[in-house]
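In case you want the letters, here they are:
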2 protein chains.
Amino acid sequence: MSCAFYICMREFIVVGHKAVTDGQFNLNDLPGSAGRMDIMCRCVNSALFLSHDLRRDVVIYLILLGEPEPPKIIKFSGQDVRYLNPDERSSGSLIKKALELKARIRWKESTPGVWVRQGDLEDLLTELNINASEDNEGSVDEGTDNKFYYLHEDGIDIRNQMEGTLPQRATFILGDHVGMTPDEEQKIMDAGAQSINVGPLSLHADHCIIMVNNELDRKNN
Amino acid sequence: MSCAFYICMREFIVVGHKAVTDGQFNLNDLPGSAGRMDIMCRCVNSALFLSHDLRRDVVIYLILLGEPEPPKIIKFSGQDVRYLNPDERSSGSLIKKALELKARIRWKESTPGVWVRQGDLEDLLTELNINASEDNEGSVDEGTDNKFYYLHEDGIDIRNQMEGTLPQRATFILGDHVGMTPDEEQKIMDAGAQSINVGPLSLHADHCIIMVNNELDRKNN
C-alpha cells in the first residue's frame, strides 16, 4: 500500500524530566512522589484514544529521567496495547508494571503493547532514524521517510507546516512542564526536526498531542 | 469593552449520565463506582488549563445524573477557581467536596470557584439564556448574544461554522461516553443550538473541548 499522500504511522515522544524510573511509585500520588507522572499518563490517553476505539497507527514513547534508575523509555503501541483505559490510573498502572521489570538496552514487553528499555532521547532518536531508513529501503517515493517535528511555541503553525505530501512516518517530540534542556533541543535539531506549534497559546503536552492527531486526521480524511 | 469581534466568555456543558451525585465516591475508582467521573475530571482539565496558567474566560458545567441524588450541576469558573491541579484526582477531589454540600435550587460555593446546585440540562440552558439576555440588555451590537453549539459527529466543521462575527458568549454542549438521549437532544435544539464537529473522527468529550478552545484561541488572536 502506497503511503505517499498520507501518514501511515504517527509517533509521539514525551520527555518527563522528573518522572520516576522504578515501579515503587504510588498510583494515588502521580503528580507528587511519582514526579509528574500524571503528565505522562495523560499523554498516553491523548495519543491513543478515540471514542470507543484506539488509534492503531500511533505509538507513544515516554522518556523518564527521574530517580532512581534513569534514563528509561516506555513505549505504548496503539496496535497492540491491552488493559488500557482512558483514566490516568490505568496508564499509570501499566507504566508501573513496565518499570517493575529489569530494563536493559533492548526492548522488553511488560504487558501486551507496552515495552520498556534503558535509554534517553538521543538513543531513541537514533533508533527511530534507523528504523525509518530500513522501512524506506527500496522505496521509489521521495519524501516518504521519517520526519521529526518539535512542538515549540516559536515553531510554525502546524496548519501551514504540514501541507502537501506527508511522510510515511511522522514523529512529534514534546517536553513536559519544564520544557526541554538546551542539550535536548540540540539533539532534536541534530535529528533534523522542524519546529511547529499548534496555536497561539502555550498548552500542556497532552493538549498539544490532541491537536496534532486532529490535524493529521483531517489531512488523512 | 466591545466584544463584537471576539468571544468574551466560553462555557462548556458536559452531561455525565452515570456520574454519582453524592460525595461518598472513592477517588481511587473514578471510572468504576463513581460512574465514569474520570470523564468529568478530564473535561475540567481540558476546559480550564493552559500551560502554567488557567483560562480565566472559561466556565464549565458538569451535569451529574447518576445515583443517589440526581440531577445536580457543578460549576467550575476559571476566573475564581483555587486548589485545582491538572490531574484527575485534583478535580475529582473538588467535585467530591461540592457533592458533600446539601445542594438546593440556587448555586452554593463549595471551594473558591466551584459551585453546586440541583438541576438538569433544561434548567441550566434556561439559566444561561436568561443570563445572556441580562448581559446583553442595552447593547447596540447585533449578534453578540449567547450562542449554543452542540458537539456532534453530524455537525458542521467548527472551522467553517464559527466564521465571521463571534458571539459575546458561546456555550458548547457535550455528551459523555453514552452520548445524549433523544430528550436531551430535543432540549438542546429547543435552545437554538447549532451542531458542530471538530474533525472527521469521533473523539472523547475532553478531547473535543481542547479542539474548541484551540479554534477560539485562533480566532481571538
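For the structure, check the block above.
All values reported here derive from a predicted model rather than from experimental measurement.

A. Structural detail: unusual backbone geometry. Residue and element names in this part refer to chain A. The peptide bond linking E67 to P68 adopts the cis configuration, its omega dihedral lying at 5°. At R36, a residue that is not glycine, the phi angle is positive and equals roughly 55°. In this structure, R36 sits in the loop between strand 1 (9-16) and helix 1 (37-48). According to the relative accessible area criterion, R36 is partly exposed, its value standing at 22%. We note that Y83 has phi near 65°; this positive angle belongs to a residue other than glycine. Mapped onto the secondary structure, Y83 falls in the loop between strand 5 (72-77) and helix 2 (88-100). A residue is classified by how much of its surface remains accessible, and Y83, at 62% relative accessible area, is exposed.

B. Spotlight on the sheet that holds strand 8 (residues 146-157) of chain A. Residues and elements named next belong to chain A. Reading across from one edge, 6-7-5-4-1-9-8-10 is the order of the eight strands in this open sheet, with mixed pairing throughout. Since the sheet does not close on itself, it has two edges, and those belong to strand 6 (108-111) and strand 10 (194-197), each with one partner. Across the sheet, the axes of successive neighbouring strands diverge by a mean angle of 30°, strand direction being ignored. Pairing geometry for strand 8 and strand 9 (residues 169-175), over five bridges, is parallel. Paired with F148 across the strands is T171, a residue of strand 9. Packed onto the sheet, helix 1 meets strand 1, strand 4 (58-64) and strand 5 and runs at close to 170° relative to strand 4. Lying over the sheet, helix 5 (residues 182-190) contacts strand 1, strand 8, strand 9 and strand 10, oriented at roughly 130° with respect to strand 8.

C. Local environment of the interface of chain B and chain A. With 35 residues of chain B in contact, the opposing surface of chain A contributes 35 residues. Across the chain B to chain A interface the summed buried area is about 3,200 Å²; carbon plus sulfur atoms make up 54%. When the buried area of chain B at its contact with chain A is split by residue, R159(B), H207(B) and R218(B) rank highest and sum to 19% of it. For the interface between chain B and chain A, the tally reads four salt bridges. Taking the shortest distance from any N to any O, the salt bridge between E215(A) and R159(B) comes out at 2.7 Å. Across the chain B-chain A interface, the total number found is 19 residue pairs in polar contact (both at pLDDT 80 or more).

D. Representation of the layout of surface pockets within the structure. Estimates place the volume of the largest pocket at around 680 Å³. Taken together, 33 residues form the lining of the largest pocket, with S51(A), E153(B), D176(B), S202(B) and L203(B) sitting closest to its centre. Within the residue set of the lining of the largest pocket, elements represented by two or more residues are strand 2 (49-50) of chain A together with helix 1 (37-48), strand 8 (146-157), strand 9 (169-175), strand 10 (194-197) and helix 6 (205-220) of chain B. Of the residues forming the lining of the largest pocket, the biggest block, four residues, is contributed by strand 8 of chain B. By residue class, the composition of the lining of the largest pocket is 16 nonpolar, ten polar and seven charged. The volume enclosed by the second largest pocket comes to roughly 550 Å³. Contributions of two or more residues to the lining of the second largest pocket are made by helix 1, strand 8, strand 9 and helix 6 (205-220) of chain A together with strand 2 (49-50) of chain B. If you tally residues by element for the lining of the second largest pocket, the top one is strand 8 of chain A, at four residues.

E. Layout of the relation of the copies chain B and chain A. Between the two copies, chain B and chain A, the superposition gives an RMSD of 0.0 Å; the rotation angle is 180° and the shift along the axis is 0.0 Å. Here the symmetry operator amounts to a two-fold rotation axis.

F. Representation of the environment of D53(B) within the structure. Residues and elements named next belong to chain B. Within the secondary structure layout, D53 lies in strand 3 (residues 53-54). Under the relative-accessibility criterion, D53 is labelled partly exposed at 32%. Separated by 2.8 Å, the side chains of D53 and R56 make a polar contact.

G. Local environment of the pairing of strand 5 of chain A. All names here are of chain A. Burial analysis of strand 5 places six of its six residues in the buried class, the great majority of the element. Here strand 4 pairs with strand 5 via six bridges, running antiparallel. Its bridge partner lying in strand 5, L62 is registered against I74.

H. Geometry of the side chain of R10(B). All names here are of chain B. As for its position among the elements, R10 is in strand 1 (residues 9-16). We classify R10 as buried; its relative accessible area is 2%. When sequence neighbours within four positions are dropped, the list of residues in contact with R10 reads R55, D57, V58, V59, A170, N213, L216, D217 and N220.

I. The arrangement of the pairing of strand 1 of chain B in detail. All names here are of chain B. Counting buried residues along strand 1, seven of its eight residues qualify, which places the element largely inside the surrounding structure. Sheet topology note: the strand 1/strand 9 ladder contains seven bridges and is parallel. Within strand 9, the position partnered with V14 by the bridge is L174.

J. Geometry of the side chain of Q161(B). Residues and elements named next belong to chain B. Here Q161 lies in helix 4 (residues 158-161). In this structure the side chain of Q161 is engaged in a polar contact, spanning 2.8 Å, whose partner is the side chain of Q194. Residue contacts for Q161: discarding those within four places in its chain leaves Y149, I156, Q194 and I196.

The rules behind these values
- Residues numbered from 1 in each chain as written.
- Chains lettered and ligands numbered in written order.
- Predicted model: local features only at pLDDT ≥ 70, side-chain atom pairs only at ≥ 80, totals over all residues.
- Heavy atoms only, no water.
- Helix = DSSP H or I, 4+ residues; strand = E, 2+ residues; numbered from the N terminus.
- Buried < 20%, exposed > 50% of the residue type's maximum accessible area, 1.4 Å probe, protein only.
- Pairing = 2+ DSSP bridges.
- Axes fitted to C-alpha atoms, helices over the stretch in contact; angles between N-to-C directions.
- Contact = heavy atoms within 4.5 Å.
- Buried area = accessible area lost by both parts, 1.4 Å probe.
- Salt bridge = Lys/Arg side-chain N within 4 Å of Asp/Glu carboxyl O.
- Polar contact = N/O pair within 3.5 Å; in protein donor to acceptor, adjacent residues only side chain to side chain.
- 1 Å grid on protein atoms, 1.4 Å probe; cavity = no way out; pocket = protein on both sides within 12 Å on 5 of 7 lines; lining within 4 Å.
- Points joined across faces, edges and corners; volume = space filled by probe spheres on them.
- Nonpolar A, V, L, I, M, F, W, Y, C, P; charged D, E, K, R; others polar.
- Least-squares fit on C-alpha atoms with pLDDT ≥ 70 in both.

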